[in-house]
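# Understanding the architecture of this molecule
Next come the chains, spelled out residue by residue.
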Amino acid sequence: MHQPHYLPWLGLLDKIDRCDLFIVLDHVQFERKGWQHRNYVASKNGPLLLTVPVIQRSRDERIMDKSINNDSDWREKHRRTLVEHCYRSAPFHGDFGEAFADVYTTEWKNLVDLSLTTTRFVLDAFDIATPVMRSSELGEFPGQKSELLAQISTKVGATTMLSGDGAKGYVDPAVFEHHGVAVEWQNFNHPEYHQANRHNRAFLPRMAALDLLFNAGPEGMELVRAARSCGAGA
């Protein structure tokens, strides 16, 4: 389970690839200035942060209800940055650049729809066939934090939840155990690969997964899986 991300990074793809079912947590609170509406891509000069502008209504607004602010031409900015500037010289630009540019021909209204479209694009490109569901489709859940995640796990009949290492501070395995669900830690190891536009500069990790796709193509996911086998929790 994870909140939807715009231009998801490799750690999220690794989690989805390792699961039998991925739940998009779209009914929880939107995190301001978080990864739900922005991410980094690699340029020759360093990381570039691409942010989707959103309309601020309430601090309690759910991700599924978050609207995009289309007053500015952010779509053309993101398209040009990705397709014409950052990855034009990448080996697989010709295979995927034009197809991904089509994402920006739609005037998106809801953030979650855009986020899921960018996620599904890279999942399809890397041939990751894990089923994806939205938590908002599963009904109402009264719990919070670990209790909420455990309730969702039980709802879909899960016996194990795969959790990112960053959640160790708030995911309580005892709560999951009470529901008959085990917790497995992801222990993600980031692979290194050739970034064409970096011109022998230092490798930039934690970029959007598109970075791996444009530089290494569909087989790039094997680099992620190979790095996974080096982790203690693999």
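Calculation rules
- Residues numbered from 1 in each chain as written.
- Predicted model: local features only at pLDDT ≥ 70, side-chain atom pairs only at ≥ 80, totals over all residues.
- Heavy atoms only, no water.
- Helix = DSSP H or I, 4+ residues; strand = E, 2+ residues; numbered from the N terminus.
- Rg over C-alpha atoms; globule rule 2.2 N^0.38 Å.
- Buried < 20%, exposed > 50% of the residue type's maximum accessible area, 1.4 Å probe, protein only.
- Areas by Shrake-Rupley, 256 points an atom, 1.4 Å probe, with all protein chains shown as cover.
- Lys, Arg positive; Asp, Glu negative; His and termini not counted.
- Charge placed at Lys NZ, Arg CZ, Asp CG, Glu CD.
- Phe/Tyr/Trp six-rings, centres within 6.5 Å; stacked < 30°, edge-to-face > 60°.
- Salt bridge = Lys/Arg side-chain N within 4 Å of Asp/Glu carboxyl O.
- Pairing = 2+ DSSP bridges.
- Right-handed = clockwise from strand over helix to strand, strands pointing away.
- Axes fitted to C-alpha atoms, helices over the stretch in contact; angles between N-to-C directions.
- Parallel < 35°, antiparallel > 145°, perpendicular 65-115°, else oblique.
- Contact = heavy atoms within 4.5 Å.
- Core = buried A, V, L, I, M, F, W, Y, C linked by side-chain atoms within 4.5 Å.

As a further point, take the overall build of the protein chain. Helix and strand counts for the protein chain stand at eight helices and six strands. Listed by position from the N terminus, the elements making up the protein chain come as α-β-β-β-α-α-α-β-α-β-α-β-α-α. Since a compact globule built from 234 residues should have a radius of gyration of about 17 Å, the 18 Å found for the protein chain is in line with a globular shape. Out of the 234 residues in the protein chain, the part that is buried amounts to 50%. Counting every atom, the protein chain has about 11500 Å² of accessible surface; 47% of that belongs to carbon and sulfur. In the protein chain, the 26 positive side-chain charges and the 30 negative ones have mean positions that sit 7 Å from each other.

Bringing the packing of aromatic side chains into the picture now. Summed over the entire model, instances satisfying the criterion amount to seven aromatic pairs. With 5.2 Å between their ring centres and 85° between their planes, tryptophan 9 and phenylalanine 188 make a pair best called edge-to-face. Placement of tryptophan 9 in the segment before α1 (10-18) and of phenylalanine 188 in the loop between β6 (182-185) and α7 (210-216) is noted, with a sequence separation of 179 residues between them. We note that tryptophan 9, like phenylalanine 188, is buried. Considering the side-chain rings of tryptophan 74 and tyrosine 104, the 6.3 Å spacing of their centres and the 85° angle between planes classify their relative orientation as edge-to-face. Here the residue tryptophan 74 occupies a position in helix α2 (residues 74-86), and tyrosine 104 occupies one in the loop between α3 (93-101) and α4 (111-125), the gap between them amounting to 30 residues.

Take unusual backbone geometry next. At aspartate 127, a position not held by glycine, the phi torsion is positive, near 55°. Within the fold, aspartate 127 resides in the loop between α4 and β4 (132-134). Unusually for a residue other than glycine, arginine 206 sits at a positive phi of about 65°. Among the secondary structure elements, arginine 206 is positioned in the loop between β6 and α7. When its relative accessible area of 53% is taken as the criterion, arginine 206 is described as exposed.

Let's shift gears to the pattern of salt bridges. For the structure on display, the rule yields 15 salt bridges. Across the salt bridge formed by arginine 228 and aspartate 17, the nearest N and O atoms sit 2.9 Å from each other. Placement of the pair is arginine 228 in helix α8 (residues 221-228) and aspartate 17 in helix α1, with a sequence separation of 211 residues. Each member of the pair, arginine 228 as well as aspartate 17, carries the same accessibility label: buried. Among the ionic contacts, a cluster of salt bridges with common partners joins Asp14, Asp17, Arg18, Glu184, Glu222, Arg225 and Arg228.

Time to look at the pairing of β6. Sheet analysis places strand β5 (residues 160-163) next to β6, joined by four bridges and oriented parallel. Its bridge partner being in β6, methionine 161 is matched across the sheet by valine 183. As a crossover connection, the stretch from β5 through helix α6 (residues 173-178) into β6 is right-handed.

Below, the discussion takes up the pairing of strand β3 (residues 46-51). Bridging between strand β2 (residues 38-43) and β3 involves six bridges; their strand directions are antiparallel. In the sheet register, arginine 38 faces β3, and the bridge partner there is threonine 51. Turn length for the β2-β3 hairpin, with the two strands adjacent in sequence and antiparallel, is two residues.

Remark: α1 packs on α8, axes separated minimally by 11 Å, with the N-to-C direction vectors making an angle of 80°. Taken together, α1 and α8 sit at an angle that is classed as roughly perpendicular. Residues Leu10, Leu13, Asp14, Asp17 and Arg18 of α1 lie in contact with α8, whose contacting residues are Met221, Val224, Arg225 and Arg228.

This part is about helix α5 (residues 145-155). Of all the residues in α5, the buried ones are Ser146, Leu148, Leu149, Ala150, Gln151, Ile152 and Ser153. Where α5 is buried, its residues touch β1 (22-24), β5 and α6.

We now examine the nonpolar core. Leu7, Leu82 and Leu210 are the most contacted members of the largest nonpolar core, which has 67 residues in total. Take this core: its biggest share by element is eight residues, from α4. Not counting residues within four places of it along the chain, the set of residues in contact with leucine 210 comprises Leu7, Leu82, Phe100, Phe121 and Val122.

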